[in-house]
Amino acid sequence: MTGREALTEKRESQGVVSRPHGDRLHEECGVFGIWGAENAARLTYAGLYALQHRGQESAGIVATDGVEFHHHKAVGLVSDVFAGSVLDSLKGHIAIGHNRYSTQGSTLLRNAQPLVVDFREGMLALGHNGNLVNAVALRNELEAQGSIFQTTSDTEVILHLIARSKSTEIERMIPEALARCQGAYTLVILAGEKLIGLRDPRGFRPLCLGKRGEAHVLASETCALDMVGAEFIREIAAGELVVIDGSGVRSCPALKPKPARACVFELIYFSRPDSEVFGESVDLVRRRLGRRLAEEHPVAADIVISVPDSSNSAALGFSEASGIPFELGLIRNHYVGRTFIAPQQVKRDFGVNLKFNPVRRILEGKRVVVVDDSIVRGTTSRSLVAMLRGAGAREIHFRVSSPPIGWSCYYGIDTPNRKELIASSHSVEEIRKYLHVDTLGYLSMDGLRACVSRPDDHCYACFDGKYSEWYGEPLDKLAMEQRASTRLEGRR
Ligand code: SF4
């Protein structure tokens with residue numbers, strides 16, 4: 001066992017990455033903020049609606065006129081949380097919003113964001129996308145010094161550190177606090193009359209700036225700017241802090257730059273294909289992944305189908321490069337969002353049928369290439385294959401537009417324990433047999449790197465396990481910081 005494997009096993013035995021989980025990776029938050037719009041809360045609602053794919057378990061909005069903070073957050077989809085006249089009570093020309101993914105029912109509402117506090121410099125609200133890898137150590141230290149925590153979320157650690165800052169200007173307090181934090185954090189913050197956006201020095205999670213008339217907008221993805229009719233201005237740089245107030249947008253030098261590690265999975269799967277993320281069109285990257293996949297793993301077949309919706313662009317790319325026609329062989333039920341709350345019996349009885357249905361007329365007697373963006377545990381892929389065979393597919397050639405996922409993510413994506421990732425312990429041939437497919441091909445790491453514009457600026461840790469080298473921290477230190485506590489719910 002290598003040192004890295006030992007570290008991962010240790011983390012898992014300590015419960016650091018143990019959570020109930022489905023067979024997909026989950027993004028764990030979308031953030032949105034707007035300054036200078038009469039109906040700031042309504043526009044934030046629309047922005048969160050466009051970012052619903054980034055978190056479907058709770059949503060919250062805080063609005064202010066610079067004096068009073070009005071907030072509402074609850075468990076549920078954006079449209080449920082803000083049904084009725086709730087938005088009318090969220091008055092003010094400044095607002096931030098947050099969508100959250102979580103699997104821990106008991107802590108769901110308590111950890112819903114934005115978190116709002118009243119401290120010596122006034123009211124502050126904060127929404128976080130990412131995960132602090134040293135949150136446990138920081139929380140232990142803060143608690144030893146008398147801090148009392150209201151949530152089990154690592155985001156609250158950031159609030160405590162801000163409140164303890166010796167500075168009095170919020171533009172200084174925030175970087176001072178975050179200088180102690182390691183890991184992934186994209187933040188939107190309301191402080192008095194200021195809207196603040198910030199990305200960690202490695203830029204794991206995206207954040208963009210837009211303009212809508214006189215109003216300025218911050219959002220996880222550009223699809224949220226489109227939703228509210230805002231024009232894309234630029235991405236917030238890694239380590240950059242922007243302050244938006246009555247005098248416009250100011251960029252403050254915040255955190256010492258580190259080598260960029262933008263999450264490559266945002267491009268493969270998490271972000272919407274109609275978004276621009278990390279300077280790339282998500283759709284175009286996915287098409288390139290599909291084309292490259294067809295070059296690396298050619299096969300004689302009659303049709304190419306996608307596992308909708310996240311694999312559509314890659315399947316189209318595969319079809320373009322191979323000349324094999326793209327067909328809609330699987331239809332997705334879009335109304336099965338929060339399948340985790342479906343009664344267990346329903347899930348057991350219907351499985352993937354809840355989410356997908358095959359089109360028999362298209363599949364019957366065909367040699368089918370199935371393009372999916374990733375395989376996590378393999379259980380869903382196996383069920384899908386059985387469904388396609390049941391619908392008459394003669395041959396099934398499974399193609400994956402990313403390399404095998406063999407490592408858990410610690411930077412804001414909910415992944416199962418490493419031992420539950422099928423590629424951590426099975427060869428491609430063993431996975432092929434498990435899925436019961438005729439052939440199986442994954443995109444290579446070289447192929448993935450060739451499909452993004454700045455290959456050296458991305459994190460690939462869930463494919464190659466290179467966490468610590470890229471953090472530049474000794475393994476034992478990282479292990480120590482991850483230690484001991486399952487009460488601190490990390491990733492979001
Ligand atoms: Fe993204 Fe994977 Fe890195 Fe997590 S480990 S940030 S999912 S590339």
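Just so you know, these numbers come straight off a predicted model, no measurement behind them.

1. A look at the pattern of salt bridges
Counted according to the given criterion, the structure contains 26 salt bridges. Among the salt bridges present, the one from Glu-240 reaches Arg-234, with a minimum N-O distance of 2.7 Å. Look at Arg-234 and you get partly exposed, because its relative accessible area is 29%. Residues Asp-438 and Arg-389 are paired through a salt bridge, measuring 3.1 Å at the closest nitrogen-oxygen approach. With Asp-438 in the loop between α15 (428-435) and β24 (439-442) and Arg-389 in helix α13 (residues 379-390), this residue pair connects regions lying 49 residues apart in the sequence. A relative accessible area of 34% means that Asp-438 is categorised as partly exposed. Arg-389 gets classed as partly exposed once you look at its relative accessible area, which sits at 24%. Through salt bridges with shared partners, a single network forms among Arg-54, Arg-205, Glu-221 and Glu-266.

2. Brief notes about the UniProt feature "binding site: [4Fe-4S] cluster" (unreviewed entry) in the chain
Here, the residues flagged by UniProt with the feature "binding site: [4Fe-4S] cluster" (unreviewed entry) are Cys-263, Cys-409, Cys-459 and Cys-462. In three dimensions, the annotated residues from a span of 200 residues occupy one location, with a maximal C-alpha spread of 10.1 Å. Structurally, the position occupied by Cys-263 is in strand β15 (residues 262-263). The residues touching Cys-263, leaving out its near neighbours within four places in the chain, are Phe-204, Arg-205, Phe-270, Phe-278, His-458 and Cys-459. With respect to the helices and strands, Cys-462 occurs in helix α17 (residues 461-464). With near-sequence residues (within four places) excluded, Cys-462 lies in contact with Phe-265, Pro-404, Ile-405, Gly-406 and Trp-407.

The rules behind each value
The residue count restarts for each chain, going from 1 along the sequence in the order it is written. Local features in a predicted model are, by the rule used here, given only for residues with pLDDT of at least 70; side-chain atom pairs are given and counted only at 80 or more, and totals for whole chains, interfaces and linings are based on all residues. With hydrogens and water stripped out, all remaining heavy atoms of the structure feed into the side-chain values. Only one rule defines a salt bridge in this text: a Lys or Arg side-chain nitrogen within 4 Å of an Asp or Glu carboxyl oxygen. A simple rule labels every residue: compare its accessible area, found with a 1.4 Å probe on the protein chains alone, to the largest value its type can have, and call it buried under 20%, exposed over 50%, or partly exposed in between. Where helices and strands are cited, they refer to DSSP runs of H or I of at least four residues and of E of at least two residues respectively, numbered from the N terminus. UniProt positions are given in the numbering used here, feature names are shortened, and annotations may be inferred rather than shown by experiment. Here, two residues are considered to be in contact whenever any of their heavy atoms come within 4.5 Å of each other.

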